[in-house]
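# Understanding the architecture of this molecule
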Amino acid sequence: MLVAAAACPCPPLLVPEVAAGAAPELDAARAACADALGVLAAARPDLLMVLGPAEQGGCGAFPQGARGSFRGFGVDVDVRLGPATDTAGERELPSSLAVGAWLLERTGWADAPIEGLGIGEPLAPERCAEAGREIGARTGRTALLVMGDASACRTLKAPGYLDERAAPFDAEVARALGAADVAAVQALDADLARELKASGRAPWQVLAGAAENANLSGSLLYESAPYGVGYVVATWT
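Scoring rules and cut-offs
The numbering scheme is per chain: residues are counted from 1 as the chain's sequence reads. Only residues with pLDDT of at least 70 get local features here, since the model is predicted, and only at 80 or more are side-chain atom pairs given and counted; chain-wide, interface and lining totals rely on the full set of residues. To get the side-chain values, take all heavy atoms of the structure and skip hydrogens and water. Secondary structure counts use DSSP, requiring at least four H or I residues in a row for a helix and at least two E residues in a row for a strand, with both numbered from the N terminus. Surface accessibility follows the Shrake-Rupley procedure with a 1.4 Å probe radius. Residue values consider only the protein chains on display as shielding. Neither His nor the chain ends contribute to the count of charged residues, in which Lys and Arg are positive and Asp and Glu negative. Each charge is placed at NZ for Lys, CZ for Arg, CG for Asp and CD for Glu. Here the expected length of a helix is defined as 1.5 Å per residue gap, with one fewer gap than residues. Any residue under 20% of the maximum accessible area for its type is buried, any over 50% is exposed, and the rest in between are partly exposed; the area is computed with a 1.4 Å probe on protein chains only. An arc is given here, and it is the one of the directions from the helix axis to the C-beta atoms. Orientation is described by axes fitted as lines to C-alpha atoms, over the contacting stretch for helices, and by angles from 0 to 180 degrees between their N-to-C directions. Note that the term roughly parallel is reserved for angles under 35 degrees, roughly antiparallel for angles over 145, roughly perpendicular for angles of 65 to 115, and oblique for everything else. The hand of a helix crossing depends on one turn: near helix anticlockwise from the far one by less than a right angle means left-handed, and clockwise means right-handed. Every residue pair with non-hydrogen atoms within 4.5 Å of one another is taken to be in contact. Under the scheme applied, nonpolar residues are Ala, Val, Leu, Ile, Met, Phe, Trp, Tyr, Cys and Pro; charged residues are Asp, Glu, Lys and Arg; polar residues are all the others, including Gly. For the purposes of this section, nonpolar cores are sets of buried Ala, Val, Leu, Ile, Met, Phe, Trp, Tyr and Cys residues that join through side-chain atoms within 4.5 Å.

This part takes up the overall build of the protein chain. Each helix and strand in the protein chain was counted, giving eight helices and nine strands. Of the accessible surface of the protein chain, which amounts to about 9900 Å², a share of 50% is contributed by carbon and sulfur atoms. Charge-centre separation for the protein chain: the mean point of 18 positive side chains lies 1 Å from the mean point of 29 negative side chains.

To continue, consider helix H2 (residues 27–42). Taking 1.5 Å per residue, 16 residues should reach 22 Å; H2 reaches 23 Å between its end C-alpha atoms and fits that length. Buried within H2 are the following residues: Ala29, Arg30, Ala32, Cys33, Ala36, Leu37 and Leu40. In a view along the axis of H2, the buried residues occupy a sector of 160°, so they form one face of it. Of the residues in H2, the exposed ones pointing more than 90 degrees away from the buried face are Asp35 and Ala42. Two residues or fewer past H2, Arg44 is found with a positive phi of approximately 55°.

Now for the packing of helix H4 (residues 125–136) against helix H8 (residues 201–210). Interhelical geometry of H4 versus H8 gives an angle of 45° and a closest axis separation of 6 Å. Judged by the inter-axis angle, H4 sits oblique to H8. Here the hand of the crossing between H4 and H8 comes out right-handed. Residues Pro125, Cys128, Ala129, Ala131, Gly132, Arg133, Ile135 and Gly136 of H4 touch H8, and the partners they reach there are Arg201, Ala202, Gln205, Val206, Gly209 and Ala210. The residue inventory of the contact of H4 with H8, partitioned by class, reads eight nonpolar, four polar and two charged.

Below, the discussion takes up the nonpolar core. Leu40, Leu48, Val50, Phe70, Leu104 and Leu145 are the most contacted members of the largest nonpolar core, which has 44 residues in total. Of all the secondary-structure elements, those providing two or more residues to this core are strand S1 (2–8), H2, strand S2 (47–54), helix H3 (95–107), strand S7 (142–147) and strand S9 (231–236). Among the elements that line this core, the one with the most residues is H3, at seven residues. Other than its neighbours up to four places away in sequence, Phe70 contacts Pro12, Val15, Val18, Val75, Val77, Val79, Ala98, Val99 and Trp102. Core analysis: the second largest hydrophobic core is formed by 41 residues, Leu117, Cys128, Phe169 and Leu188 among them.

This part is about the environment of Ala150. In this fold, Ala150 is placed in the loop between S7 and helix H5 (166–178). In contact with Ala150, not counting residues within four places along its chain, are Asp170, Lys197, Ala198, Ser199, Trp204, Val229 and Gly230.

Looking now at unusual backbone geometry. Working note: non-glycine residues mostly have negative phi, and peptide bonds are mostly trans. For Arg44, which is not glycine, the phi dihedral falls at a positive 55°. Its place among the elements puts Arg44 in the loop between H2 and S2. Here Tyr161, not a glycine, exhibits a phi torsion of approximately 65°, which is positive. Mapped onto the secondary structure, Tyr161 falls in the loop between S7 and H5.

Geometric descriptors of this kind do not, in isolation, establish any biological role.
Below, the structure written as structure tokens:
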């Protein structure tokens, strides 16, 4: 049973060591993410699942204690998805889940066991919905931390250059996530999201599948586009 969810952006720049001198530019986003995690903790879940985009086409599970790293971004920062366990394995977290793990470490999450799930960015909307329904049907109180970015095409200097479709797409993402509008999230255009380099589309649609019968309400905590990339923080409770 899904009892709460938080959507957070997943740029490695959220980690101050990665952002270096530009770190203060994302202070408001970090604060909003911390507030969102507080909402998840207040829901008293039995399990926290951290979802985020990954390169593979399907879904890949990561156990509690799985390792992640930001060494590929030139900094000596390692993270774990919750406390270490004997079953953590050697497979490294995708960067989106590593950012989620960093957020959890930063806020001192100790409220429930943790699992990770990497969602392949190309995963079709109907398969996302199916994966979400499986999560929603699990016994016990489940909370989701859903990592993902909106478009990367908001400005000329954005990673995907300027695309006039990006701002309207991001506005609908922010509205839908802020309102916990399950139908609207499920209706996000996968092809358009791919063209706009919106990494959060598939994880958000997994969230929507999990929330179909949960009757949750939403709250938008943050929406901005530093560096030309859309970042949204929202909670569903």
